[in-house]
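# Descriptive analysis of the structure
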Amino acid sequence: MAAHCCFHLSGTVTEPAIQSEPETVCNVAISFDRCKITSVTCSCGNKDIFYCAHVVALSLYRIRKPDQVKLHLPISETLFQMNRDQLQKFVQYLITVHHTEVLPTAQKLADEILSQNSEINQVHGAPDPTAGASIDDENCWHLDEEQVQEQVKLFLSQGGYHGSGKQLNLLFAKVREMLKMRDSNGARMLTLITEQFMADPRLSLWRQQGTAMTDKYRQLWDELGALWMCIVLNPHCKLEQKASWLKQLKKWNSVDVCPWEDGNHGSELPNLTNALPQGANANQDSSNRPHRTVFTRAIEACDLHWQDSHLQHIISSDLYTNYCYHDDTENSLFDSRGWPLWHEHVPTACARVDALRSHGYPREALRLAIAIVNTLRRQQQKQLEMFRTQKKELPHKSITSITNLEGWVGHPLDPVGTLFSSLMEACQIDDENFSGFSDFTENVGQCKSLEYQHLPAHKFLEEGESYLTLAVEVALIGLGQQRIMPDGLYTQEKVCRNEEQLISKLQEIELDDTLVKIFRKQAVFLLEAGPYSGLGEIIHRESVPMHTFAKYLFTSLLPHDAELAYKIALRAMRLLVLESTAPSGDLTRPHHIASVVPNRYPRWFTLSHIESQQCELASTMLTAAKGDVRRLETVLESIQKNIHSSSHIFKLAQDAFKIATLMDSLPDITLLKVSLELGLQVMRMTLSTLNWRRREMVRWLVTCATEVGVYALDSIMQSWFTLFTPTEATSIVATTVMSNSTIVRLHLDCHQQEKLASSARTLALQCAMKDPQNCALSALTLCEKDHIAFETAYQIVLDAATTGMSYTQLFTIARYMEHRGYPMRAYKLATLAMTHLNLSYNQDTHPAINDVLWACALSHSLGKNELAAIIPLVVKSVKCATVLSDILRRCTLTTPGMVGLHGRRNSGKLMSLDKAPLRQLLDATIGAYINTTHSRLTHISPRHYSEFIEFLSKARETFLMAHDGHIQFTQFIDNLKQIYKGKKKLMMLVRERFG
C-alpha cells in the first residue's frame, strides 16, 4: 500500500516470513525534491549509510508501478477546500488516531494560535511538508551523517582487520560515484569521513612513539588527499564552496598529527603543484619549510581555476586547431601541426583530467589528456634534440642533469596512472555514446565489457594511432622517466608498487604490430635521450633504477627486436647507488639535481627489493640467451660488473645451472660455464666474510664444476686459496672430488683419476701447512694412497703438535693413525696430546678421559718402555683421583706388550706396584685422593655425606694396593677425624664405616 503527494511518498512494505523470523510490516516515508530523495524514515530501525531495503523497495515500486500509487495534492490544497466543520472533524480525527503521539503538540499549537502575540501568529500561512521546498532552497540527496561518522569510526577502530580497509575503500568509491553523478553530497560525505580519520586516536599514538602507520592505512590517507584534490578542482563549483573547503582543509592541515605526504619524512621538495619554475625554491632552507601533508596539494589546488581561454577551448572542442601558429618555443600553445598543447606542471595537469573524469565530464577529460600526452611527446623530442646538440658541443663532458625532481610514477597524484586510465576507458566505450558527451552538462557514458581495441582515431592523433596506442605510449614515457629516489620508506615503496601496478596493467594488453612500433620508438628514445631518460647513457647516482621496467620491455621486445631488447636490459642493469665511483654530475648546468637535493649518502629503504629486481632482470636475460654464446658472455660481464650482492649472484648461478641442465635437452656447456663463473665470483666475494649459506655455496660449486668437467674440478683445486678456506678445501672440495660418485659421474680413466688425485694431495698438504688444526686429519686421509705425501702430512702434524694444535685434535689424529695400522705413530701423537692436557681433581666427567684411557691402553699394549714413558705425562696432566685409579687398575690386570708390534706375543710378568713406573702412578693416585678429600670437605653439605663415604671406600681400595697402604689409610682417616671434628655427624659416619 502506497500514497503519494507531490513531494512525499509513504507506504507499508511487507517483508515475508523466513524460517526463524516472522513476517514484518514496515512503515516508510520518503520526501523528495527536484529528482532527489531528500529524507527517509523507516520503522525497521536499521542504521546504515545506505538506504534500507524497504526504502529502496517503495522507491522502485513507485517508479515501476506509478498507476498503483494513489496521488494526492499537497495537504495545504486539500485543507483549503474544506469548510470549518470539515476542518474541525479532520483535526479531531487526526488527534484521536494518534492521540498519544500528537496530543501534546496539538495542545501547544492551539494555545499559541489563540494567543495574539505568539510567534506563530507573526508568520503568514503555515508550512506544508508535502508541497516541496522553495526554488531557492538548497536541495541534495538524503545522507545520514551520523551513520557515516559511526561507520567510518567503526572501520578505523578495527585497524584493518575484518575487511575494514576494503569497506573504507568502498566508501571512497561511493564518494567518486557521487561526484560523477554531480551529487553535492559527495563533498559532505568526504568531509564526514575526513573528520573521523583526523579523530583517529592512533595518529597521536604513532606520532608519540615515532611509529610508522601501516601501509594499507597510509594508502587510505593517500586516497583521501586525492579525493579532496578532485573536489576542489570541480570545474563548476561556486567560489563560496571552494572558500569553505579551503578553510576546512587548512584547519585539518594545521593539526599536529595530520599525516605527511611522504609518510614519516618531511619532503625537501619545493612547491611544484602550481607549476613553479623548476628549482625556484631550491635554495630555501629545508628546515624552515613546513612539512607537506596529505592535504597540501588540495590546498594549493584551490588557487587553480578553469578560466584560461586556451584550456577552455581544449576541453570544449574536438576542432580546436591553429594551423597558422608558428611560435615553436618551449611553451607554445600549439605544435607544428596546429594541434593544441597544454603546458602545466604535469601532475597538476593530470589532476585536472582526474577531476573532469570524477565530476562526470569524460569527453572533456579525454580531450585534455590527449593534449597533455601530445605535449609530453613534443617535449620528449625537444629534449632529445637538445641532448644531441649538447653532446656535439661538449663531446667529452658527462651530462647528468635531471629535469624531474618529482617522479610521475609513485607521485601522490598518480599523473601517469590518470592519463593511462582515461585513455584506456576510451578504448572500451562505445564510440557513438561517447561522442555525444561533448557538452559540459551531459552525463557520463556507459562502459561496455569489451576487449581493449583501436577505436577510430581522435582528431589530434597521428595516422594509425588510437586511444590504446596513446595510453601505452604515455605509460612507457612515465615509466622511463629519469627521477630521483624520494626520501622515506613509504614513498620509496610507493614508487615500486605503482611501477609494478602500471606494468601489470600493460601486461593485460596484447601487443600487435601497431603497439610494437610504439615500443620500438620509446625504447630507442630511452636509450638516446640522455639525462631525461632513466635508461640514458649517463644517469644520476640516486636515480630510481629501471630493472622492473626494463624486464617488461625486454620480454615484450624480444620476439620482435632482440638486439634492441638486449640493449635496453643491459643498460638497465646498473645500480649506481652502490658504485663508489658513480658520476657526480655537472654542477654548472641549470636545473642540476645537486642544486636541490643535498649531498648525502642515500637512505634507500627498498634497496633489497631493488637488488632482487636487478637479479630477476639478469635471470630473464640468462634464460633468453641460452644457446647464444655471444649474448651469454655479454650478460655475464654485466652481472659481474653491476650486481654487488653475493646471495643474488649465487641465485643467478643456480638459475643458470638449472636452465643449462634441463632434463629434456643436452646440457648447454656455455651456460654451464657462465654458472661456474658466477659461482667462482660468489666464492671470492664470501671468502673473508661471514655468510650462513657459505657451506651450501661451496657444495653447490663442486657440483657445478663436476657438470662442467674434470678440467673445472682440477682448476678449482689448483686455485683453492682464492676460493675456499683450508677447511672447506679439504673437508668438502677435495673429499667430494675424490669420492667414488664423482669418478663414476665423470667416467674418468686411470690417468684422469691420478691427475685429480695429485691435485687433491697437493691441495691437502698446502691446507695442512696453512691450518694444521683443522686440516691435518683430512690431509692424512687424502694422502693415504701416496707414501711420500702421507709422510709429509704426518710430519706437518708433528711440527704443529707442539704449538698450534689442541689435545682434542691430536687425540683424534692419533686414533686415526692407530686405525690405519700405525700404532707407534699413534703413540707418538698421544704423548704429544698428553702434554697439552690438564684434568683437575673434580673433572671426573671430562670428555678427554676416554682419550687418556685409550692412550694408556695403547702404551700398555706396546710394552713396558712405552708405558713407562707415558705414565709421568699422565701424572703431570691428570689430577682426578678416580681417573688415575682406573688407569692404575687397568695396568695391573695384564702384562705390558702382551699384543706387541707385528703381532708378537710377550710372555713377561705383571708389573710391580713397588717399582717404577707403576709406583709413581700409585703414589700420584693416593695423593690425588687425599687432595680431593680435603677439597670436598671444605664445602660439603649433609646431602652429600653418603656420596662422600662411598668416595672414601674407593680411596681405601687404592691405598690397599700399596704394601703399607693399610697403615697409610688408617693415618689418613685419623687425620680427617682430628681436622674436621666439628663436622660431628659426618665423622660419626666415617667412624661407623672405617673405624
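- The name an unreviewed UniProt entry gives the protein is Zinc finger SWIM domain-containing protein 6, with Ursus maritimus as the organism.

## Description of the overall build of the protein
- A count of helices and strands for the protein gives 41 helices and 5 strands.
- Per-residue burial for the protein yields a buried fraction of 48% across its 995 residues.
- Of the accessible surface of the protein, which amounts to about 50,300 Å², a share of 53% is contributed by carbon and sulfur atoms.

## Quick notes on helix H7 (residues 185-198)
- Here H7 spans 20 Å end to end across 14 residues, near enough to the 20 Å set by a 1.5 Å rise per residue.
- Among the 14 residues in H7, 12 count as buried, and that is most of the element.
- Of all the positions in H7, only Asn185, Gly186, Ala187, Met189, Leu190, Thr191, Leu192, Ile193, Thr194, Gln196, Phe197 and Met198 are classed as buried.
- In the core, the buried residues of H7 are packed alongside helix H5 (145-157), helix H6 (164-180), helix H8 (202-209), helix H9 (215-232) and helix H10 (239-253).

## Thoughts on unusual backbone geometry
- With phi around 45°, aspartate 414 is a residue other than glycine that occupies positive phi space.
- Its place among the elements puts aspartate 414 in the loop between helix H14 (362-393) and helix H15 (415-428).
- A relative accessible area of 32% means that aspartate 414 is categorised as partly exposed.
- With a phi close to 55°, histidine 747 is a non-glycine residue in the positive phi region.
- With respect to the element layout, histidine 747 can be found in the loop between helix H29 (740-746) and helix H30 (750-770).

## So, the side chain of asparagine 234
- Tracing the sequence through the fold places asparagine 234 in the loop between H9 and H10.
- A relative accessible area of 18% places asparagine 234 in the buried class.
- What asparagine 234 contacts, discounting residues up to four positions off in sequence, is Trp306 and His359.

## What to know about a nonpolar patch on the surface
- Taken together, Ile75, Phe90, Val91 and Leu94 make up a surface patch of nonpolar side chains, about 300 Å² in accessible area.
- If one sorts the elements of the nonpolar patch by residue count, helix H3 (residues 84-97) sits on top with 3 residues.
- On the secondary structure map, isoleucine 75 appears in helix H2 (residues 75-80).

## Quick notes on the pattern of salt bridges
- Counted by the stated rule, this structure contains 44 salt bridges.
- Here lysine 651 makes a salt bridge to aspartate 655, at a shortest N to O gap of 2.8 Å. Of this pair, lysine 651 and aspartate 655 are both found in helix H24 (residues 646-660), 4 residues apart, which corresponds to roughly one turn of the helix.
- By relative accessible area, which is 13% here, aspartate 655 ends up buried.
- Salt-bridge contacts for glutamate 707 lead to arginine 745; the nearest nitrogen and oxygen are separated by 2.6 Å. Taken as a pair, glutamate 707 in helix H26 (residues 694-708) and arginine 745 in helix H29 lie far apart in primary sequence, 38 residues in all.
- By relative accessible area, which is 46% here, arginine 745 ends up partly exposed.
- One network of salt bridges, with partners in common, ties together Glu261, Arg292, Arg297, Glu300 and Glu406.

## Examining the environment of alanine 705
- Within the secondary structure, alanine 705 sits in helix H26.
- Classification of alanine 705 as buried rests on a relative accessible area of 0%.
- Each C-alpha atom of the pair alanine 705 and glutamate 677 lies 9.7 Å from the other, and the pair is 28 residues apart in sequence.
- With near-sequence residues (within four places) excluded, alanine 705 lies in contact with Leu676, Ala712, Leu713 and Ile716.

## Regarding helix H19 (residues 513-528)
- Over its 16 residues, H19 extends 23 Å from the first C-alpha to the last, a length consistent with the 22 Å expected when each residue adds 1.5 Å.
- Taking the backbone nitrogen of threonine 514 as reference, a side-chain oxygen 3.2 Å away marks aspartate 512 as the first, capping residue of H19.
- Phi turns positive one or two residues past the end of H19, at glycine 530, with a value near 60°.

## Things to note about the packing of aromatic side chains
- A full pass over the atoms with the stated rule returns 20 aromatic pairs.
- Residues tryptophan 221 and phenylalanine 295 carry aromatic rings whose centres are separated by 6.3 Å and whose planes lie at 75° to one another, so their mutual orientation is edge-to-face. Here tryptophan 221, found in helix H9, pairs with phenylalanine 295, found in the loop between H10 and helix H11 (296-301); they are 74 residues apart in sequence, far enough to count as distant. As far as the burial class goes, tryptophan 221 and phenylalanine 295 line up, both buried.
- Centre to centre, the rings of tyrosine 320 and phenylalanine 334 are 5.3 Å apart; their planes meet at 65°, and the pair counts as edge-to-face.

## Quick look at the packing of helix H27 (residues 710-718) against helix H28 (residues 726-737)
- Closest axis-to-axis distance for the H27/H28 pair is 11 Å, and the angle between their directions is 150°. With respect to H28, the element H27 is oriented roughly antiparallel. In this structure, H27 crosses over H28, and the sense of that crossing is left-handed. Here Leu713, Ile716 and Met717 of H27 come into contact with H28, specifically with Val733, Ala734 and Val737.
- Its residues placed into classes, the contact of H27 with H28 shows 6 nonpolar, no polar and no charged.

## Details of the confidence of the model for the protein
- When pLDDT is averaged along the protein, the result is 84; 86% of the residues meet or exceed 70.
- Residue range residues 900-907 is modelled with pLDDT below 50. Its contacts to residues more than four positions away, or to other chains, number 11 contacts.

What counts, and at which threshold
Residues numbered from 1 in each chain as written. Predicted model: local features only at pLDDT ≥ 70, side-chain atom pairs only at ≥ 80, totals over all residues. Heavy atoms only, no water. Helix = DSSP H or I, 4+ residues; strand = E, 2+ residues; numbered from the N terminus. Buried < 20%, exposed > 50% of the residue type's maximum accessible area, 1.4 Å probe, protein only. Areas by Shrake-Rupley, 256 points an atom, 1.4 Å probe, with all protein chains shown as cover. Expected span 1.5 Å × (residues − 1). Contact = heavy atoms within 4.5 Å. Patch = residues over 30% accessible without salt bridge, like charges linked within 9 Å, V, L, I, M, F, W, Y side chains within 5 Å. Salt bridge = Lys/Arg side-chain N within 4 Å of Asp/Glu carboxyl O. Polar contact = N/O pair within 3.5 Å; in protein donor to acceptor, adjacent residues only side chain to side chain. Phe/Tyr/Trp six-rings, centres within 6.5 Å; stacked < 30°, edge-to-face > 60°. Axes fitted to C-alpha atoms, helices over the stretch in contact; angles between N-to-C directions. Parallel < 35°, antiparallel > 145°, perpendicular 65-115°, else oblique. Left-handed = near helix turned anticlockwise from the far one by under 90°. Nonpolar A, V, L, I, M, F, W, Y, C, P; charged D, E, K, R; others polar. pLDDT = per-residue confidence, 0-100.

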